[in-house]
Each structure stands twice: as structure tokens, then as C-alpha cells.
Amino acid sequence: MSSPSKREDKINRIYLELNMLNSLAESLQKQSEVLNKYVADTQLSIETLNEISRIGEGHKVLLPLGSQLLIDATLNDTENAYLNVGAKIIVRKPISNIKEYLEKQLKQLQKEYMAAQKKLGEVMNRISLLQSQLNSLIQQKSG
């Protein structure tokens, strides 16, 4: 059996690692949530472009302006759309090119999401193992 001071040192090391891992787990969870929102948004954009291509020009649609406001609009061009490429730069491109771009982006987002989930699982497993070790050491200390 280890001496009380060695046991205390081990308890302290485990406790510190648990704190670090809990912070990492929280960060990975937030990252996963953000990535999941981007995945859903990208999927919705692709579905919307597919629908626009299907319904054709001159069709009336409800256009959302924010989360609580919709206006009537008429589709004038179902071949092209505008893509925000970053830094407040918006370019007009054929819908087929935009869908291709979005599908590549979707695959990358899904890959990043899966990597974050895998890492989160590994961290949670390590937390569980350390928690079990910590509980055992605390029982030994008090027993």
C-alpha cells in the first residue's frame, strides 16, 4: 500500500487532470454544437437550391427576413444564386456550382463534426476512468 502522502499526491494529480479534461470536454461539446448547426444550415441551403431549380421562374415564394418576418417574392432567376465567399464578398454563380461548393463544404463539416465527437468520446472515457480511480483512492484514504 502506498503512503498517505503518495496517495494525496496521486489524488491531486488525478483531480487536476479531471479539471483539465472537463474543460476540454466542454469545449469539444460546444465545438460539436456549432459544427452541427453549420451542417444543418448547409443541408438546408442545398435542399432550398434543389427546390428552387425544380419550381422554376415566376413562382411566388415566401422569403424569410429574420426569424419572425416573411415577405412575398417572385423567383426571377432559377439558374443563378449569390454566394457569400467571405469578407463581405458576394458573387453570382450558377446554382449547380454553388451546390457543388456546398456539398464539398458539407462533407468537410461532417468530417470535422465526427472528429470532434470521436475526441469527445475519448475524453469522456478518460474522465470516467480517472473518476473511478479517484473514488477508489478516496475510499482507501477514508478506510
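Reading the values: rules and limits
- Residues numbered from 1 in each chain as written.
- Predicted model: local features only at pLDDT ≥ 70, side-chain atom pairs only at ≥ 80, totals over all residues.
- Heavy atoms only, no water.
- Helix = DSSP H or I, 4+ residues; strand = E, 2+ residues; numbered from the N terminus.
- Expected span 1.5 Å × (residues − 1).
- Buried < 20%, exposed > 50% of the residue type's maximum accessible area, 1.4 Å probe, protein only.
- Contact = heavy atoms within 4.5 Å.

Student: So what's going on with helix 1 (residues 4-55)? Which residues, and what values?
Tutor: If you check helix 1, its first and last C-alpha atoms are 75 Å apart, about what 52 residues at 1.5 Å a residue would give, namely 76 Å. G56 sits one or two residues past helix 1 and shows a positive phi near 85 degrees.

Student: Break down the environment of Q108 for me, with residues and values.
Tutor: Mapped onto the elements, Q108 comes out in helix 2 (residues 95-142). Q108 sits 31 residues away from D77 along the chain, and the two C-alpha atoms are 29 Å apart.

Student: Talk me through the environment of T78; I want residue IDs and the actual numbers.
Tutor: Looking at the secondary structure, you find T78 in the loop between strand 2 (70-74) and strand 3 (80-86). For T78, a relative accessible area of 9% gives the class buried. Linking T78 and V123, residues 45 residues apart in sequence, is a C-alpha distance of 47 Å. Not counting residues up to four positions away in its chain, the partners in contact with T78 are I52, S53, G56, E57 and I95.

Student: How would you sum up unusual backbone geometry? Please name residues and give values.
Tutor: In this structure, A87 is a non-glycine residue whose phi angle is positive, near 55 degrees. If you trace the backbone, A87 turns up in the loop between strand 3 and strand 4 (89-94). Among the residues examined, A87 registers a relative accessible area of 74% and is labelled exposed. Residues other than glycine seldom take positive phi values, yet K88 does so here, at roughly 60 degrees. Take K88: it is sitting in the loop between strand 3 and strand 4.

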